[in-house]
Each structure stands twice: as C-alpha cells, then as structure tokens.
Amino acid sequence: MPMRAKDESPGHTGAEAADPTAVTDIPGGDRRSSANEASGDRSGAGVRDGGLPRRESASVRRSSGPLPTAKSARRYWTMIIVLSVASAGIALGILAWDNPMPITDPGFWLIAELRLTNLVVIAMVALCQSFGTVAFQTVTNNRIITPSIMGFESLYVAIQTSAMYFFGVTAIVELKGLVPFVVQLVLMVGLSLALYGWLLSGRHSSVALMLLIGVVIGGGLGSVATFMQRTLTPSEFDVLSARLFGSISNSDSSYLPVSIPLCVLACLGLYLCSSRLNVMALGRDMTSNLGLNYKGELLKVLFFVSILMAVSVSMIGPMVFLGFLVAMLAYQFADTYDHKRLFPMAALLGFVVLGGAYFVMKNIFYAEGFVSIIIEIVGGGAFLLVILRKGRL
C-alpha cells in the first residue's frame, strides 16, 4: 500500500502562519483577512470554546475633568444646593427673627433694613476669608496655614493698642470713621506688598522665607502691643479688649462704600485666576515648565489676598481660624482641584459658618458681639485635628 508523502489536507503554510494578516481562500468564493476574522469572532470565542458567555459589566463613565464621575458631580451640586438653601435660611432668620412687626407691615422692613448692614458685613467677610485662604494655601502649597500668618491680625491689634496708649479712650471712638478705616487698609496692604516685593524679587526668592519673616513680624508686633496693654488702666483695657475681639458689631455702615468694591474686585480677580491657580498648585517647577511666570502670578495672587485680609480684619477684627475652617470644609465637600468650583463652595460655607454663629450668639446666648468665640473653638479644634493627622486632609 503506497505511503502518502505528506498531508494533502488543506491548511496554512508556514508563511501564512507567520503572517496573521495573510489573505486566505475560503470555500464559497469569499476572501477575507484572517486577522479580521479573528477580531470579528472574538466576542463569541468564550461560547464556542465551551466557556460561559461574558457579561457586560456596568462601566462607570470617567473623564479627566475636575469632577471625573457622575457621582462626584452629583455630590458637588447637591452640596451647593444644600448650602445655598441654608444660606438663604440664615439670611432670612437674621432679618426676621424676633421682629415684632408682621411681614406685611412696613415697620417689618424698616427693622429688617437696620439688620441688613450686619448681613452684608457677614457676606463680605465670608467672601474675604474663603477666597483669600483658599488662594493663599494654593500658592504656598500648604493646607494648614492661613494668611493670618503674615501678621494682619497683629498689625490690627498694634494699631488699636497704639491709639489707646498714645491718645486715650477717645482715640478708639475716632478710629471708627471712614478715614481711619482707609488708613488701616493702606498700612496693611502696604506692609504686605513691601514684604512680598522684597522677599520674592531676589534671585533666591522663597515662599518659605516669606512666611517665616511674616511670623517674626507678627510676633514682634504682638509683643509690642502686649507691652502697651500692660500700662493701660483697667477701664482703658476693658474698652480695648472689646475692640480686639472679632465681632460683627465692630463694623460700621460708613465702611461699606470702600470695602464692598475692594472685596468684589479682589474676589473677581482671584476667580479669573482660577486656571492659573490650578497650575500653581502643582508647584513652582511644574508651573514654570508649563509656561507660566510663577513669580508674577504669585505676586498678583498675594496682592489680592492682602486686600481681602485687610478688608476683613479692618471690618470686624481678628478671626484667625475662620478661613482655615472654611477652606478645610471646602476641600472635603467639593473634592476637586478646580478653583472655579472650590471658590463658590468655600464662600457658601463661610457664610453658613459665620452667619450661623452670629445667629446663635445673638438670638440664643444674647452675645452677638462675640461671634469669634464659636469660630475659634470650632476652628481651633479642627486645626488640632489636622495637625494630629500629620497635616493630611
């Protein structure tokens, strides 16, 4: 019986096996690529090989934007709506709570108009503290410091104490006018700009060095103010202490024509710099590599921050932990890096925190002048919590 020299059954040659894209003849006259055939039948391979059919898993749509998933976007806008409703409720409570007149009576609106000044001051301070702190923490790449480290509160305390020390109790009353308010603003902004321009203009400029010198200046001003306070009489010290507490009652309606435009312009300037702040959050080297003038952007942001902090401190006095508390909550609730979304969240949180503290102290404890007590207790506790967690938010 003759032996067959080789298998005559149809099959692939060596060249065809080596080249998966080779074209093969298929009975029936169709010519197709074996690669296309393999890719076309890949979806049913599991069934033909005896395996279980593949189930299509519910894929989560993601993007590279500031809110990468639908869940994060839903969470963000839910928080914005909740905080907006809470802000509206607090504003209505401040205007209408314990108002003896019915809402349909013209006298109701006369009383509400008298309370409107405090409401505007609360909104303005919330904007100043929230925008200023978030921007300052971004350019310094540190989430556990606030602009207060630059000595704004210490300078305010030194100005008030010096007026009492050199001119007596009457000076405190005279410092309530518009001209002393503008002088305080100019001194605070001028000192901060001189500090920034001097420390950030050299070849070896350093943000860390700027912060350290700010701490030293603040400590020195505080020591001088403490020395002068020791020489005051008890009655003078009592009057001065009332001014050194962060209080809504320290504000004056005559300040608003100057403070409102400054606050709005500085907040608008920071909001328009949101995209650049997103880049600056990556660090100095990365910012320079991406084509931004890091030093110029840093000076511009610090200029806006100094205006906001000077307006806030001059309006109501020192309030160290308000900005830190608001910024920390904004990072947690917004859960995004985009400053266009961080700023509105922080501003709403600032109004809820400050307005809520004012409403509670005024209508429950009848101590509206000491809003800073609640802010300092809650904000200081949050600061300690962050420090104990090694500064990680």
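Keep in mind that this is a model prediction, so the values were computed, not measured.

Visitor: Would you mind going over the nonpolar core in detail, with residue names and values included?
Guide: Ranked by internal contacts, the top residues of the largest apolar core, which has 96 residues, are Met210, Met315 and Met345. Here this core takes 14 residues from helix α14 (residues 294-316), the largest share from any one element. Here methionine 345 is in contact with Tyr76, Met79, Ile80, Leu83, Ala330, Phe333 and Ala334, once residues within four sequence places are set aside.

Visitor: Please provide a residue-by-residue account of the packing of helix α8 (residues 178-200) against α14, values included.
Guide: Running from amino to carboxyl end, α8 crosses α14 at an angle of 155°, the nearest separation of the two axes being 9 Å. Overall, the two elements α8 and α14 adopt an arrangement that is roughly antiparallel. The element α8 and its partner α14 pack so that their crossing is right-handed. In this structure, α8 uses Phe181, Gln184, Leu185, Met188, Val189, Ser192, Leu193, Tyr196 and Leu200 to contact α14, whose residues at the interface are Lys295, Leu298, Leu299, Leu302, Phe303, Ser306, Ile307, Ala310, Val311, Val313, Ser314 and Met315. Class assignment of the residues belonging to the contact of α8 with α14 gives a composition of 16 nonpolar, four polar and one charged.

Visitor: Tell me about the side chain of threonine 161, and please be specific about residues and values.
Guide: Residue position: threonine 161 is located in helix α6 (residues 152-167). Here threonine 161 is in contact with Ala225, Met228, Gln229, Leu240 and Leu244, once residues within four sequence places are set aside.

Visitor: Summarise the environment of leucine 199; cite the residues concerned and give the values.
Guide: Considering the arrangement of structural elements, one finds leucine 199 in helix α8. On the basis of relative accessible area, leucine 199 is assigned to the buried category, the value being 6%.

Visitor: Mind laying out the pattern of salt bridges, listing which residues take part and the relevant values?
Guide: Where side chains of opposite charge bring their charged atoms close, a pairing between them can arise. One pass over the full model with this rule turns up four salt bridges. Residue lysine 300 pairs with glutamate 297 through a salt bridge whose shortest N-O separation is 3.4 Å. Taken together, the residues span about one helical turn, with lysine 300 and glutamate 297 both in helix α14 at a distance of three residues. Via salt bridges that share partners, Arg276, Glu297 and Lys300 belong to a single interconnected network.

Visitor: Describe helix α9 (residues 207-230), listing the residues and the values that go with them.
Guide: One turn of the α-helix equals 3.6 residues, which is why residues spaced by three or four share an orientation. Across its 24 residues, α9 extends 35 Å between first and last C-alpha, which sits within 8% of the 34 Å expected from 1.5 Å per residue. Considered for burial, the residues of α9 that qualify are Val207, Met210, Leu211, Gly214, Gly218, Ala225, Met228 and Gln229.

Visitor: Residue-level account of the packing of helix α11 (residues 256-272) against α14, with values.
Guide: In the contact formed by α11 and α14, the axes pass within 9 Å of each other and the chain directions differ by 150°. In terms of orientation, α11 lies roughly antiparallel with respect to α14. You can see that α11 and α14 cross each other, and the crossing is left-handed. In contact with Leu256, Ser259, Leu262, Cys263, Ala266, Cys267, Gly269 and Leu270 of α11, α14 contributes Val301, Phe304, Ile307, Leu308, Val311 and Met315. Among the residues forming the contact of α11 with α14, the class breakdown is 12 nonpolar, two polar and no charged.

Visitor: Quick rundown of empty space enclosed by the protein? Include the residues and the values.
Guide: The tally for this structure, following the rule as stated, stands at three cavities of 30 Å³ or more. Size it by volume and the largest cavity reaches roughly 70 Å³. Along the walls of the largest cavity sit Met150, Gly151, Phe152, Leu155, Met188, Leu191, Ser192, Leu195 and Ile217, which together make up its complete lining. Of all the elements in the fold, those that place two or more residues in the lining of the largest cavity are α6 and α8. Among the elements that line the lining of the largest cavity, the one with the most residues is α8, at four residues. Within the lining of the largest cavity, the residues separate by chemical class into seven nonpolar, two polar and no charged.

Visitor: Account for α11, naming residues and giving values.
Guide: Its 17 residues place the ends of α11 24 Å apart at the C-alpha level, agreeing with the 24 Å of an ideal helix rising 1.5 Å per residue. Buried residues along α11 sit in contact with α5 (106-140), α8, α12 (274-280), α14 and α16 (339-363).

Visitor: Hey, could you go over the packing of aromatic side chains for me, with residue numbers and the actual values?
Guide: In the structure shown here, the tally under the stated rule is six aromatic pairs. For the pair tyrosine 165 and phenylalanine 166, a centre-to-centre distance of 5.0 Å together with 90° between the ring planes defines the contact as edge-to-face. A relative accessible area of 35% places tyrosine 165 in the partly exposed class. Overall, the relative accessible area of 56% leaves phenylalanine 166 in the exposed class. The interplanar angle of 5° and the centroid separation of 4.3 Å between the aromatic rings of phenylalanine 181 and tyrosine 255 together place this pair among those described as stacked. Of this pair, phenylalanine 181 sits in helix α8 while tyrosine 255 sits in the loop between α10 (234-244) and α11; the two residues are 74 residues apart in sequence, bridging distant segments of the chain. We note that phenylalanine 181, like tyrosine 255, is buried.

Visitor: Any chance you could break down the environment of methionine 345 for me, citing the residues and the numbers?
Guide: Note on placement: methionine 345 falls in helix α16. With 268 residues separating them along the chain, methionine 345 and tryptophan 77 place their C-alpha atoms 9.7 Å apart.

Conventions used here
Residues numbered from 1 in each chain as written. Predicted model: local features only at pLDDT ≥ 70, side-chain atom pairs only at ≥ 80, totals over all residues. Heavy atoms only, no water. Core = buried A, V, L, I, M, F, W, Y, C linked by side-chain atoms within 4.5 Å. Buried < 20%, exposed > 50% of the residue type's maximum accessible area, 1.4 Å probe, protein only. Helix = DSSP H or I, 4+ residues; strand = E, 2+ residues; numbered from the N terminus. Contact = heavy atoms within 4.5 Å. Axes fitted to C-alpha atoms, helices over the stretch in contact; angles between N-to-C directions. Parallel < 35°, antiparallel > 145°, perpendicular 65-115°, else oblique. Left-handed = near helix turned anticlockwise from the far one by under 90°. Nonpolar A, V, L, I, M, F, W, Y, C, P; charged D, E, K, R; others polar. Salt bridge = Lys/Arg side-chain N within 4 Å of Asp/Glu carboxyl O. Expected span 1.5 Å × (residues − 1). 1 Å grid on protein atoms, 1.4 Å probe; cavity = no way out; pocket = protein on both sides within 12 Å on 5 of 7 lines; lining within 4 Å. Points joined across faces, edges and corners; volume = space filled by probe spheres on them. Phe/Tyr/Trp six-rings, centres within 6.5 Å; stacked < 30°, edge-to-face > 60°.

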